[in-house]
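Coordinate inspection notes
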Amino acid sequence: MRDVLQVPEVEETGAARPPGDEPIHPAAPVTEAVPSAGSRPPRRRGRTTTLIAGAAVLGVVAGSCVGYLIQADREPTKLPSLSQPVLAQAKGPAPEPLSAAQDRRVKTDGDLRKLLLKKPNGAKAAEWSGSDGWMTLADMAESYHKPAGAFSDLVAEEFRRAADTGWQVGRTYGVEIRLMQFRQEEEVQASDVADGENYGEDGEDGTKSWPVPGSDNGMVYVHTKPDTKPGYLPQYNATAVAWRGDIVMKIFVWDAKPIPKAKIMDLAERQVKKL
């Protein structure tokens, strides 16, 4: 057999390369791979942070224990006595109680009838006025046009008591004075009641009104239009309304002829001064 001839390797360029010679390539530049921000490995926490946190916790616990031990060794603090010392009363005579002129409660909590104007000389005591001068809750309700509704309203308004007086002069002239007192435990009822009375009086046709001198809220009303009824004389009316503290004052005057302003005003001024 013939020896097989070794054919030299031929490069891609076509030139023959002697056997045994390795191709020589130039060294490729080495490029370091730079990791991207998203692929960067997390940084490991150092032991220093853990040690500091542990030391802080131990410090708090140790401080609490020391404070507790110190407080436990102390004697308990004595609390002040619940009973207060008795104050010695000042020497000398006890002060006198306030007079009725200085303490209004002395007047209003006493006999309310004593605050009413006295019947003038020559006048006749009114037939409608009770012998004792007091008006009950039922009596007050009956004096209104709608007694049932008035009764409920007076209960809601904390009605306490009422005093009444009146007189007649001749056959046609008459006067009635009424003082109504309220408890006022929930609200200032006297002012509300007076406002309601004023509203009713001022709402009538042919009414003239004036404030009462010497009073912050007193008003007088003269009704120029008379009440008429077949078989009876015409009746002219005048009223006065005021309140002070827990008392409401109302005055009624009537006559068969028009009532002068001066007559109702004189009664209102004198009655307000007694309150």
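Look up: the structure comes first, before these words.
Let me begin by describing the structure that accompanies this report. (Residues numbered from 1 in each chain as written. Predicted model: local features only at pLDDT ≥ 70, side-chain atom pairs only at ≥ 80, totals over all residues. Heavy atoms only, no water.)

1. Looking at the pairing of strand β4 (residues 173–182)
Looking along a regular strand, one sees side chains alternate from face to face of the sheet. Put simply, the rule is: Note on classification: 1.4 Å probe, protein chains only; a residue is buried when its accessible area is under 20% of the maximum for its type, exposed when over 50%, partly exposed between these limits. Helix and strand definitions follow DSSP, with helices as H or I runs of at least four residues and strands as E runs of at least two, each counted in order from the N terminus. For two strands to be treated as a pair, DSSP must find no fewer than two bridges joining them.
Within β4, 10 of the 10 residues are buried, which leaves it mostly tucked inside the rest of the structure. Every second residue of β4 is oriented toward a common face, with Tyr173, Val175, Ile177, Leu179 and Gln181 on one face and Gly174, Glu176, Arg178, Met180 and Phe182 on the other, all of them buried. As paired strands, strand β3 (residues 159–169) and β4 are joined by 10 bridges and run antiparallel to one another. Across the sheet, Gln168 pairs through a bridge with Gly174, a residue of β4. Linking two consecutive strands that pair antiparallel, namely β3 and β4, is a turn of three residues; a positive phi of about 70° is found at Gly170 within it. Note that β4 and strand β8 (residues 247–255) share eight bridges and pair antiparallel. The residue bridging Leu179 from the neighbouring strand is Met249, located in β8.

2. A word on the pattern of salt bridges
For the record, the criterion: A pairing counts as a salt bridge when a side-chain nitrogen of Lys or Arg comes within 4 Å of a carboxyl oxygen of Asp or Glu.
Applying the stated criterion across every chain yields a total of six salt bridges. Among the salt bridges present, the one from Arg178 reaches Asp164, with a minimum N-O distance of 3.9 Å. Here Arg178, found in strand β4, pairs with Asp164, found in strand β3; they are 14 residues apart in sequence, far enough to count as distant. Exposure remark for Asp164: the relative accessible area of 6% places this residue in the buried category. Here Lys250 and Glu197 are joined by a salt bridge, their closest N and O atoms 2.4 Å apart. Of this pair, Lys250 sits in strand β8 while Glu197 sits in helix α5 (residues 189–202), placing them 53 residues apart in sequence.

3. What about α5?
The test is simple: To estimate the expected span of a helix, subtract one from its residue number and multiply by 1.5 Å. What makes two residues a contact is simply this: any of their non-hydrogen atoms within 4.5 Å.
The terminal C-alpha atoms of α5, which comprises 14 residues, lie 20 Å apart, in line with the 20 Å expected from a rise of 1.5 Å per residue. Among the residues of α5, those classed as buried are Gln189, Ala190, Ser191, Val193, Ala194, Glu197, Asn198 and Glu201. For α5, the secondary structure elements touched by its buried residues are α4 (147–156), β4, β5 (207–211), β6 (219–227), β7 (235–244) and β8.

4. Here we look at unusual backbone geometry
Its identity as a non-glycine residue notwithstanding, Glu158 has a phi of 60°, on the positive side. Locating Glu158 in the fold gives a position in the loop between α4 and β3. On the basis of relative accessibility, which here comes to 13%, the residue Glu158 falls in the buried class. Of note, the phi angle at Gln184 is positive, near 60°, even though the residue is not glycine. Mapped onto the elements, Gln184 comes out in the loop between β4 and α5.

5. Observations concerning the environment of Trp134
If you trace the backbone, Trp134 turns up in strand β2 (residues 134–135). Dropping the residues within four chain positions of it, Trp134 is found in contact with Asp111, Leu112, Arg113, Asp139, Arg161, Ala162 and Ala163.

6. Brief notes about the environment of Lys119
Positionally, Lys119 belongs in the loop between α2 (104–108) and β1 (124–125). By relative accessible area, Lys119 is classed as partly exposed at 40%. In this structure, the C-alpha to C-alpha distance between Lys119 and Val175, residues 56 residues apart in sequence, is 9.5 Å. When near neighbours in sequence (up to four residues on either side) are disregarded, Lys119 contacts Lys124, Ala125 and Trp167.

7. Points about the pairing of β3
Counting buried residues along β3, eight of its 11 residues qualify, which places the element largely inside the surrounding structure. Here β1 pairs with β3 via two bridges, running antiparallel. For Ala125, the partnering residue across the bridge sits in β3 and is Trp167. Here β2 runs beside β3; their pairing, made up of two bridges, is antiparallel. In the sheet register, Trp134 faces β3, and the bridge partner there is Ala163.

8. Points about the nonpolar core
Our working definition: In this description, a nonpolar core means a group of buried Ala, Val, Leu, Ile, Met, Phe, Trp, Tyr and Cys residues linked to one another through side-chain atoms lying within 4.5 Å.
Ranked by size, the top nonpolar core spans 29 residues in total, and within it Leu179, Met249, Ile251, Val253, Ile264 and Leu267 carry the most contacts. Listing elements by their share of this core, those giving two or more residues are β3, β4, β6, β7, β8 and α6 (261–274). When neighbours within four sequence positions are excluded, Leu267 is seen to be in contact with Leu117, Trp167, Tyr173, Val175, Ile251 and Val253. One finds Leu154, Val193, Ala194 and Val248 within the second-largest nonpolar core, a separate group that totals 13 residues.

9. With respect to the layout of surface pockets
This is how the line gets drawn: A pocket, in this scheme, is an open set of points on a 1 Å grid over the protein atoms alone with protein on both sides within 12 Å along at least 5 of 7 lines, while a cavity is a set where a 1.4 Å probe fits but cannot get out; residues line either one if an atom lies within 4 Å of a point. Grid points are joined across faces, edges and corners, and a volume is the space filled by probe spheres set on the points. Amino acid classes used here: Ala, Val, Leu, Ile, Met, Phe, Trp, Tyr, Cys and Pro are nonpolar; Asp, Glu, Lys and Arg are charged; the rest, including Gly, are polar.
Quantified by volume, the largest pocket comes out at close to 1300 Å³. Looking at the lining of the largest pocket, the elements that each hand over two or more residues are α4, β4, α5, β6, β7 and β8. Broken down by element, the lining of the largest pocket gets its largest block of residues, six residues, from α5. Counted by class, the lining of the largest pocket contains 13 nonpolar, 11 polar and 14 charged residues.

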